[in-house]
Structures are given as structure tokens and as C-alpha cells.
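# Coordinate analysis (summary)
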Amino acid sequence: MAELPRVLIVDDSRLVRTSLAKFLQGHYEVREEGDGEAAWQSLVLDHSIQAVISDLQMPKLDGYQLLEKVRTSKLRRLQEMPFILVSGEETEEERSKAKALGVSDFLNKGCGATEVLARLDHLLELFKARQNLEEGREHMVHDPVSGLFTRKYVELQTAQALSHAARHDSEVSVMV
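This one's a predicted model, so the numbers in the text were calculated from it and none came from an experiment. By convention here, each chain's residues receive numbers from 1 onward along its written sequence. Given that this is a predicted model, residues contribute local features only at a pLDDT of at least 70 and side-chain atom pairs are listed and counted only at 80 or more, while totals for whole chains, interfaces and linings are drawn from all residues. In computing side-chain properties, one takes all heavy atoms of the structure into account and sets aside hydrogens as well as water.

For the rest of this paragraph, the subject is unusual backbone geometry. With a phi angle near 65°, K60 is a residue other than glycine that sits in the positive phi range. Numbering of helices and strands starts at the N terminus; helices are DSSP runs of H or I of at least 4 residues and strands are runs of E of at least 2. Turning to its location among the elements, K60 is positioned in the loop between strand 3 (49-55) and helix 3 (63-71). Residue D169 is not a glycine yet carries a positive backbone phi of 50°. Turning to its location among the elements, D169 is positioned in the segment after helix 7 (151-167).

Next comes the structure, spelled out in C-alpha cells:
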């Protein structure tokens, strides 16, 4: 049987964490943390986590601060990870702030299991599609066996160099 994707649930309320974990049971493996600082440590150390569902208001590190740390991390897997913020009563200003920080989606506390699963499923599918696209681009540029640049890459670089030379009225040299 295939391993279930792992999701990190971050909320200072044990009741909310348990409720969300129950929604995800059978579809996802769940890891829980009670504050943003513990969540950050889990994200850095646990490479199997594929998405985060976080509360806004928490001790030590709130949802905004955790989101900012994730998006500005040097670890690429964290920068692009689906991140859902859960809140009971956020304003449009709070949503704009979270959007500017790079939130993937919002959920209201009290939403049903179907909505949580649908949004999480779609975000993870989008994340995997982006990863596949990036891998495809990488294979277009590098030969997977030798690791050398492909003919397509050389052609693209040549076209770019010629275009640059034409725009700036400069010369181009090619060595093979």
C-alpha cells in the first residue's frame, strides 16, 4: 500500500487540531504541533511533510510569522509547499497580508471535512504538477544520463545571445 501524504496541522487549540486530524484521517498522515515555533522545527527536520494547515493566532510564532519563515526559507521544498491558513474571523486586510506573504489558501474554522479535503487535494495536485513541469524543464536543459547540456539548451542560448547582440549592436563569438 502506498504511503499517505503527510500534512502538518498547527494550532494552539487541541480541539481544533483533533477535529482537523479527524477530517484528514484515511486520506493523509497527520503531524500536529501546538505553536508556530514547534511547527517550524518540524518543517525543517521532517522532509516527508507536504503541506501545512495553520491557525493565525498562536503563541511564540503566529501564522503570519510561520508563513513568512516558510516562504523565505533557503529550503526550496518549503518555499513552494502548500500552506493553508485557518481563521475564525479574519478581515480583508488580514487576508491581503497573508496573500502578500504567499499563502496558498484560507479556511474558516468550522468548515466541513469535504471542503478541507477538496482544497488540500487540489493544492497538492497543483504542487505536484508544478514539480513535474520543473522536472520536465530540467530534462529539456540537461541530459538525464550524462548531466551535460542538451542540444535544445545550446540552441536556446544561441538564440538568446544573437538576440542580445542584435539589440545592443554588439558582436557574438561561438566556440565549440
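Let us look at the packing of aromatic side chains. We call Phe, Tyr and Trp rings a pair once their centres come within 6.5 Å, taking the six-membered ring for Trp, and we label the pair stacked below 30 degrees between planes, edge-to-face above 60, and tilted otherwise. Scanning all chains against the criterion turns up one aromatic pair. Residues F149 and Y153 carry aromatic rings whose centres are separated by 4.0 Å and whose planes lie at 15° to one another, so their mutual orientation is stacked. Over the face of the ring belonging to F106 we find R95, whose NZ or CZ atom lies 4.6 Å from the ring centre. Two conditions define a charge sitting above a ring: the NZ of Lys or the CZ of Arg must be within 6 Å of the ring centre, and it must be within 35 degrees of the ring normal. Over the face of the ring belonging to Y64 we find K97, whose NZ or CZ atom lies 4.2 Å from the ring centre.

Let us look at the side chain of D55. Its place among the elements puts D55 in strand 3. Contact criterion: two residues are considered in contact whenever any of their non-hydrogen atoms come within 4.5 Å of each other. Excluding residues within four positions of it along the chain, D55 makes contact with V10, D11, D12, G63, L85, V86 and K109.

For the α-helix, the turn length of 3.6 residues means that residues three or four positions removed from each other point alike. Within the sequence span of helix 2 (residues 36-45), burial applies to G36, A39, W40, S42 and L43. Down the axis of helix 2, the smallest arc covering the buried residues is 165°, so these residues share one side. Its buried side turned inward, helix 2 meets strand 1 (6-10), strand 2 (29-33), strand 3, helix 3 and helix 4 (76-79). Note on exposure labels: buried denotes an accessible area under 20% of the residue type's maximum, exposed denotes more than 50%, and partly exposed covers the range between, all computed with a 1.4 Å probe on protein chains only. The arc in question is formed by the directions pointing from the helix axis toward the C-beta atoms.

Turning our attention to the pattern of salt bridges. Only one rule defines a salt bridge in this text: a Lys or Arg side-chain nitrogen within 4 Å of an Asp or Glu carboxyl oxygen. For the structure on display, the rule yields 10 salt bridges. Salt-bridge contacts for R151 lead to E155; the nearest nitrogen and oxygen are separated by 3.0 Å. Linking R151 with E155, this pair stays in helix 7, spanning four residues, or about one helical turn. Judged by its relative accessible area of 66%, R151 is exposed. Residue classification places E155 among the partly exposed positions, given a relative accessible area of 39%. Residues participating in the shared-partner salt-bridge network are R6, E29, R31, E33 and D46.

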